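For reference, the chains in residue letters:
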Amino acid sequence: MINFDFRISTHLHYGAGVSEKLGEEIKKLGYARVAAVVDQGVFNHPQILKALDSVKQAGIELEIFKNTAMEPTYSYLENFRKNFTGKTYDGLIGIGGGSALDLTKGLAVLLTNEGEALSFRGFPQLKQKPLPVLAVPTTAGTGSEVTFNAVFTEEKEKKKLGINSWANFPVGAFIDPLITVNCPKNVTVSAGADALVHTLESYVHKNHTPVSRMYSLRAFQLLYNNLIKVLKEPADVEIRGNIALGAYLAGVALINSGSGPSGAFSYPLGAVYKVPHGYAGAMFLPSITNINIRKGYQDYAALYDLIEGVDASISLKEKNIKFGDKIQLLMDTLEVPQKLSHYKLGPADVDFMIGQHDVLKAAIAQNPIEITKEETAVLMKNLA
Ligand SMILES: NC(=O)c1ccc[n+]([C@@H]2O[C@H](COP(=O)([O-])OP(=O)(O)OC[C@H]3O[C@@H](n4cnc5c(N)ncnc54)[C@H](O)[C@@H]3O)[C@@H](O)[C@H]2O)c1
Ligand SMILES: [Fe+2]
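As the structure is a computational prediction, the values presented were derived from the model and not from experiment.

1. A word on the overall build of the chain
- From N to C terminus, the chain includes 15 helices and 10 strands.
- Out of the 384 residues in the chain, the part that is buried amounts to 58%.
- The long-range fraction of contacts in the chain, counting pairs at least 24 apart against all pairs at least 6 apart in sequence, stands at 77%.
- Accessible surface, the chain as shown: approximately 16,100 Å² in total, 53% of it carbon and sulfur.

The following block contains the structure:
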């Protein structure tokens, strides 16, 4: 028997059109004046306009700010907060992908606590509770609508390390597939691959629990099967809804279990080489999965059984082996680049990535199977 705890602190609203309930829900929460941070990619999206209109219709005072940053830096956050000098709000609305949601969550900390943005890096002790955040994800996704993390890059050291606080769960999340139906293919794939990394790494993580695994398993089933379908049917609301739900469940699993080597290596690949976060993690996922399988990890069989159309009668060992092939097949189908050279990394950059093994060793050690620096070197060279 293992002892564990499990936490979700976000009121979820899920379904086609739920974003139009934003105003009603804010009114129930008793907020009179709110600010919305809206990502530039969805600034004129009809469903977002409806959601914002519902806030005005509910008689709530609303100010709108545009996010123009992809994967924001601390200096962007520091500059962005200047828009809010001398203003007070009862709550914030974040509308966008992980970038805009994290920006809103970072801002929520800064608007109630004094200090430079960078001084909150890591797990800060907050003197005041952050402003409450309502999150409307427009990608599916990072799961930021249900996590307490807000990721930012420090530009000088080129390091991604966010502002993380158990006091900073969004109070509400509005997951509306009418928003993601017209997501372009590259955004759909990158965000979907990110969610897949979250679900697989939380599933195998040394700290997984029976409850976190329930979330990882269902997230995997929804993500794997629907990411294949969405390529052919990008406007299908049901499929988009399944992916968005999968991404949400993966986010819950991630914060209650943890991430591993693919997530860890995605950080330098994103911060130094500007590879979009989802693509960055997906670069390493098949190799890490295959190392685990080769070294005898057996728990992938339960995930294999959840892939539509597989033969469930084969042996446990065969299922694990075939699972590695299935992950590779998904990456190939989604056309996720599987070479570092695709992003113009040369031999010196590959050496840099190998060196990151030492920097990231605590996160790599969360993998259930040991991964040595020699194995990292082989993995990176194979991806060169
Ligand atoms: N807080 C967390 O728990 C958490 C977890 C994982 C990742 N992240 C962070 O999230 C960021 C990545 O977020 P992301 O993958 O959602 O991408 P993103 O927010 O950076 O958006 C990617 C691009 O898609 C556009 N876009 C967003 N929604 C759209 C839509 N519906 N239609 C058309 N275009 C749209 C954006 O304008 C942007 O150009 C990274 O910084 C990553 O580190 C955070
Ligand atoms: Fe991620």
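2. A few points about the domain arrangement of the chain
- Segmenting the chain into domains produces domain 1 (11-180) and domain 2 (185-383).
- Taken over C-alpha atoms, the centre of domain 1 sits 27 Å from the centre of domain 2.
- At the interface, 25 residues of domain 1 touch 24 residues of domain 2.
- The junction of domain 1 with domain 2 conceals about 2,000 Å² of combined surface from both sides, 71% of it contributed by carbon and sulfur atoms.
- Applying the counting criterion to the domain 1 and domain 2 interface returns zero salt bridges.
- Along the contact surface separating domain 1 from domain 2 lie six residue pairs in polar contact (both at pLDDT 80 or more).
- Those elements that place two or more of their residues in the side of domain 1 that touches domain 2 are strand 1 (11-14), strand 8 (159-160) and helix 5 (177-180).

3. Observations regarding the pattern of salt bridges
- The final tally for this structure, using the stated rule, is 14 salt bridges.
- Linking Glu 63 and Arg 33 is a salt bridge whose minimum nitrogen-to-oxygen distance equals 3.5 Å. Here Glu 63 is found in strand 3 (residues 61-67), whereas its partner Arg 33 is found in strand 2 (residues 33-39), with 30 residues between them in sequence.
- Arg 33 sits in the partly exposed class, given a relative accessible area of 23%.

4. Focus on the sheet that holds strand 1
- Read from one edge of the open sheet, six strands run 1-10-5-4-2-3, paired in parallel fashion. The open sheet has two free edges, formed respectively by strand 1 and strand 3, since each of these has just one partner strand. Taking each pair of neighbouring strands and ignoring which way they run, the sheet shows an average axis angle of 15°.
- Of the strand pairs in this sheet, strand 1 and strand 10 (residues 172-175) are connected by four bridges, and their pairing is parallel. Following the sheet pairing, His 13 is matched in strand 10 by Phe 174.
- Of the strands in this sheet, strand 1 and strand 10 are in contact with helix 8 (residues 237-256), which crosses strand 1 at around 165°.

The rules behind each value
- Residues numbered from 1 in each chain as written.
- Chains lettered and ligands numbered in written order.
- Predicted model: local features only at pLDDT ≥ 70, side-chain atom pairs only at ≥ 80, totals over all residues.
- Heavy atoms only, no water.
- Helix = DSSP H or I, 4+ residues; strand = E, 2+ residues; numbered from the N terminus.
- Buried < 20%, exposed > 50% of the residue type's maximum accessible area, 1.4 Å probe, protein only.
- Contact = heavy atoms within 4.5 Å.
- Areas by Shrake-Rupley, 256 points an atom, 1.4 Å probe, with all protein chains shown as cover.
- Domains from an automatic or database assignment.
- Buried area = accessible area lost by both parts, 1.4 Å probe.
- Salt bridge = Lys/Arg side-chain N within 4 Å of Asp/Glu carboxyl O.
- Polar contact = N/O pair within 3.5 Å; in protein donor to acceptor, adjacent residues only side chain to side chain.
- Pairing = 2+ DSSP bridges.
- Axes fitted to C-alpha atoms, helices over the stretch in contact; angles between N-to-C directions.

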